[in-house]
Amino acid sequence: MKDILWNSIILDEFIRLAVPTEFEVQIIRSRMADRSRAQQSYDFSRSLPRVDAAIKSIRQKYDAVQPYSAILPPRKKKP
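These notes cover the structure that comes with them. All figures in this text were calculated on a predicted structure; none of them were measured in a lab.

**Details of the packing of helix H2 (residues 22–32) against helix H4 (residues 48–65)**
Here comes step 1: Packing of H2 against H4 leaves a shortest axis separation of 10 Å and a crossing angle of 95°. Considered as vectors, H2 and H4 are oriented roughly perpendicular to each other. From H2, Phe23, Glu24, Ile27 and Ile28 reach across to H4, where they touch Arg50, Val51, Ala54, Ile55, Ser57, Ile58 and Lys61.

**Looking at the side chain of Gln40**
Here comes step 1: Mapped onto the elements of the fold, Gln40 is located in helix H3 (residues 37–43).
Here comes step 2: Gln40 sits in the buried class, given a relative accessible area of 0%.
Here comes step 3: For Gln40, the contacting residues outside a window of four places in its chain are Ile27, Ser30, Arg31, Arg35, Val51 and Ile55.

**Here's the deal with the environment of Pro67**
Here comes step 1: Relative to the helices and strands, Pro67 resides in the segment after H4.
Here comes step 2: As for Pro67 and Glu22, which are separated by 45 residues in sequence, their C-alpha atoms are 23 Å apart.

The rules behind these values
- Residues numbered from 1 in each chain as written.
- Predicted model: local features only at pLDDT ≥ 70, side-chain atom pairs only at ≥ 80, totals over all residues.
- Heavy atoms only, no water.
- Axes fitted to C-alpha atoms, helices over the stretch in contact; angles between N-to-C directions.
- Helix = DSSP H or I, 4+ residues; strand = E, 2+ residues; numbered from the N terminus.
- Parallel < 35°, antiparallel > 145°, perpendicular 65-115°, else oblique.
- Contact = heavy atoms within 4.5 Å.
- Buried < 20%, exposed > 50% of the residue type's maximum accessible area, 1.4 Å probe, protein only.

Written as structure tokens, this is what we have:
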């Protein structure tokens, strides 16, 4: 999830607009701490597909709210 450059300001705005689940916030915070998907799976006792589903949901929510924020930068798209 390196397509979004997370910091506390971006995270706070995302939480305000997208209302993510607690698990999604945990995923974002652990990515900010440079944890891998496998480490997240272990840390949160969730399967890797569940972590991947949460990451997909975060991206979808981010894309949905980003146009309505002056703070959230566009997500980096893969070429």
